[in-house]
Amino acid sequence: MTSHQTIRKSRLAIHNGTPALIATENERQLFHWPIVTDEDVQAVAAVMRSGQMSGTELTKQFEAEYAAWQGSRYALATCNGTAGLLAAMWACGVGAGDEIICPSITYWASAAQALTLGATVNFAEIDPITLCIDPDDIEHRIGPKTKAIVVVNYAGHPADYDRIQPIARKHGVKVIEDNSHAHGSMYKGRMCGTLGDIAAASLMGAKSFAIGEGGIITTDDPTLYERCVAFGHYERTGVASNYNPVDQQVHDEALLKFKGLPLGATKHRLNQMCSAMGRVQLRHYPARIAEIQKAINRFWSLLEGVPGLRPHRIDEPDSTMGGWYHARGLYVPEELGGLSIDRFCEAVQAEGVPMCRPGLNAPLHAYAFFHDADIFNHGRPTALAFGQRDVRQSAGALPISEGLAQRVMGIPWFKHDVPERIEQYAAAFRKVAEYAHEL
Ligand SMILES: *Cc1c(COP(=O)(O)O)cnc(C)c1O
């Protein structure tokens, strides 16, 4: 460094300036999740003491309460979200030789199960503002074998169902909501999880609604519900067994004939310690996510008009980001002289915000799994082995999805609305945007 440069010292922490934010001792409390109290601990301990770890009584109570809260007719708990989505796909008729459509930017368990059913995945583009499936990139992908569109409410943001549903209806294709990021998000007055024909959500320990490991399927359609029960649940199909009484009537004779053996040859039952925690979490969830929404909306209000930054949130009446899972911000490098997101985030981190990291889920369409995996030992890729159309797409096919890692970054996932702390976090982002020319 020349002496001239030393005199014009940057204020940025990355250039040895004073950081915008000094973490306090209680900093972790701002972000800690899930919030677990004695109420959760006692509920879980009570199940352990009762010995009913593997029954279904508490789980059915959890299901009824979750369904009532969300506004769905049926809820069926599962051992994880991956299992719930698999059952939902099967319930919608996805089978050998079929296709589903799924956004390329999501966790792989939105789509991978299609291969287990002998189907393949046609990946669609992302809308760069909502980070959900682009409604304009769906219809041309529908073919005679398309059975379902998996719609992900990404990072808490509801997808645009008012545009997606008419396309699905027109072609007789089911809409499966992957609601793993958006428990409690509202879309124009309706809750996410009620917007497709069926929804499945992960409830694993890092999600916004977190109970350890678990998942939940919700639907208003009795046939889809029964099919999910029949696919992954012993002893819930109206057939008594050695272990459980008949507890639920399945009406479809074709399903009854198998006498309660799960047609997926898999077991999706949720353990009751998680169900007990879920019941407690549910009682507090609306208040807790309201607080998260207040905090993150405050953060974005403080950054209004700052060049290079845009909130990732829904701008519609009666719509919310739920628990704001995987909180993201949109980055517009053109407004900061083309500064790379990596450099921007590095500078914000130096100001004291470690969660400001570039990126989001990697696009799935070029994953080797969806191209080459031979799950059934056919000696050729499962994506084609059941006579599917070849809808595989290589790198370069979905440029918006592929470019998003340069335009999306992590922001603090505040769990508590503490104005003086949130102001400091916002100040760190504002400072780096202001001095971006020095980077
Ligand atoms: C977490 C997640 C899943 C899978 O859920 P598990 O409970 O981990 O099996 C599916 N889809 C999305 C979008 C997820 O984030």
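Small disclaimer: the values here were computed from a predicted structure and weren't measured. (Residues numbered from 1 in each chain as written. Predicted model: local features only at pLDDT ≥ 70, side-chain atom pairs only at ≥ 80, totals over all residues. Heavy atoms only, no water.)

K.L.:
Would you mind showing me how to read the packing of aromatic side chains here?
P.N.:
The relative placement of two aromatic rings is captured by the distance of their centres and the angle of their planes. One pass over the structure, following the stated rule, counts 22 aromatic pairs. Here the aromatic rings of Y325 and W413 are separated by 5.6 Å at their centres, their planes lie at 85°, and the arrangement is edge-to-face. One end of the pair, Y325, is in the loop between strand 10 (309–311) and strand 11 (328–331); the other, W413, is in the loop between strand 12 (408–410) and helix 15 (419–434), with 88 residues separating them in the sequence. Overall, Y325 belongs to the buried group, its relative accessible area being 13%. W413 sits in the buried class, given a relative accessible area of 15%. Each ring, one from F414 and one from Y425, has its centre 5.3 Å from the other, and the planes form 80°; the classification is edge-to-face. Taken together, the residues F414 in the loop between strand 12 and helix 15 and Y425 in helix 15 connect sequence positions eleven residues apart. (Phe/Tyr/Trp six-rings, centres within 6.5 Å; stacked < 30°, edge-to-face > 60°. Helix = DSSP H or I, 4+ residues; strand = E, 2+ residues; numbered from the N terminus. Buried < 20%, exposed > 50% of the residue type's maximum accessible area, 1.4 Å probe, protein only.)

K.L.:
Before we go on, may I ask you to explain the pattern of salt bridges in this structure?
P.N.:
Pairs can form between side chains of opposite charge once their charged atoms are near each other. If you walk through the whole model with that rule in mind, you get 18 salt bridges. We note a salt bridge from E335 to R310, for which the minimum N-O separation is 2.5 Å. Here E335, found in the loop between strand 11 and helix 11 (341–350), pairs with R310, found in strand 10; they are 25 residues apart in sequence, far enough to count as distant. Of the residues examined, E335 reaches a relative accessible area of 37% and is grouped as partly exposed. For R310, a relative accessible area of 34% puts it in the partly exposed group. The closest approach of N and O atoms between E351 and K431, which form a salt bridge, is 2.8 Å. (Salt bridge = Lys/Arg side-chain N within 4 Å of Asp/Glu carboxyl O.)

K.L.:
Explain the domain arrangement of the protein to me, please; I cannot follow it from the model alone.
P.N.:
Buried accessible area, meaning the area lost when the parts come together, often serves as the stated size of an interface. Under the domain assignment used here, the protein contains domain 1 (24–36 + 285–360 + 403–438) and domain 2 (38–279). Of note, the centres of domain 1 and domain 2, computed from C-alpha atoms alone, are 30 Å apart. In this assembly, 27 residues from domain 1 lie in contact with 29 residues from domain 2. Across the domain 1/domain 2 interface, buried area totals approximately 2200 Å², and carbon plus sulfur atoms make up 66% of it. Among the residues domain 1 hides against domain 2, the three largest losses belong to Y285, H312 and Y325. Together they make up 30% of the total. At the junction of domain 1 with domain 2, the criterion picks out twelve residue pairs in polar contact (both at pLDDT 80 or more). No other element matches helix 10 (residues 272–302), which puts three residues into the side of domain 1 that touches domain 2. (Domains from an automatic or database assignment. Contact = heavy atoms within 4.5 Å. Buried area = accessible area lost by both parts, 1.4 Å probe. Polar contact = N/O pair within 3.5 Å; in protein donor to acceptor, adjacent residues only side chain to side chain.)

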